Structures are given as C-alpha cells and as structure tokens.
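Architecture at a glance
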Amino acid sequence: MEDTITETDNKMNSLSEWTNSTNGLKQATIARGGELAAEEGETVLVIEYLRTNDFTIKH
C-alpha cells in the first residue's frame, strides 16, 4: 500500500536517520507509522521528494 501526502504526521517517530538519494532529489527513513500505519506498531518507509516537499508512505 502507498499513500502520498503533503506534510508529515507529527506523531510519526523516525527509527533511522534520513538517507539522501545519490541524485539529491529524495531522502528516506523508516518510521513508526502513527496514524498512517494500518496496524499499531507497524513501521513504514517514508520518502520525501525534496523539490516539492511531498512525502510517499509505503506500508
């Protein structure tokens, strides 16, 4: 499952450091899903598109 949002959930807790892509256009982290997770305690991959400040959440 994948969702695209325009701002992050303030309750999302990052479990890893943000890692930049080699082309510098994106960064990613693994986070506890907060309200974006399908189930309690689920982790999600968060990808931020740096030019647009949009985020993709992959469950």
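Structure first, text after, so check above.
Residues numbered from 1 in each chain as written. Predicted model: local features only at pLDDT ≥ 70, side-chain atom pairs only at ≥ 80, totals over all residues. Heavy atoms only, no water.

Now for the overall build of the protein. Secondary structure assignment for the protein yields 0 helices and 6 strands. Helices (α) and strands (β) of the protein occur, in sequence order from the N terminus, as β-β-β-β-β-β. Burial analysis of the protein (59 residues in total) assigns 27% to the buried set. Long-range pairs, those at least 24 residues apart, make up 36% of the contacts in the protein between residues at least 6 apart in sequence. (Helix = DSSP H or I, 4+ residues; strand = E, 2+ residues; numbered from the N terminus. Buried < 20%, exposed > 50% of the residue type's maximum accessible area, 1.4 Å probe, protein only. Contact = heavy atoms within 4.5 Å.)

Our focus in this paragraph is the pairing of strand 5 (residues 43-49). Of the pairings in the sheet, the one linking strand 4 (residues 26-32) to strand 5 comprises 7 bridges and is antiparallel in character. Its bridge partner lying in strand 5, Ile 30 is registered against Leu 45. Alignment of strand 5 against strand 6 (residues 54-58), held across 5 bridges, turns out to be antiparallel. When the bridges of strand 6 are listed, Val 46 appears paired with Ile 57. Where strand 5 folds back on strand 6, the antiparallel hairpin that results is connected by 4 residues, among which Asn 53 adopts a positive phi of roughly 60°. (Pairing = 2+ DSSP bridges.)

Remember, this is a structural readout, not a statement about activity or role.
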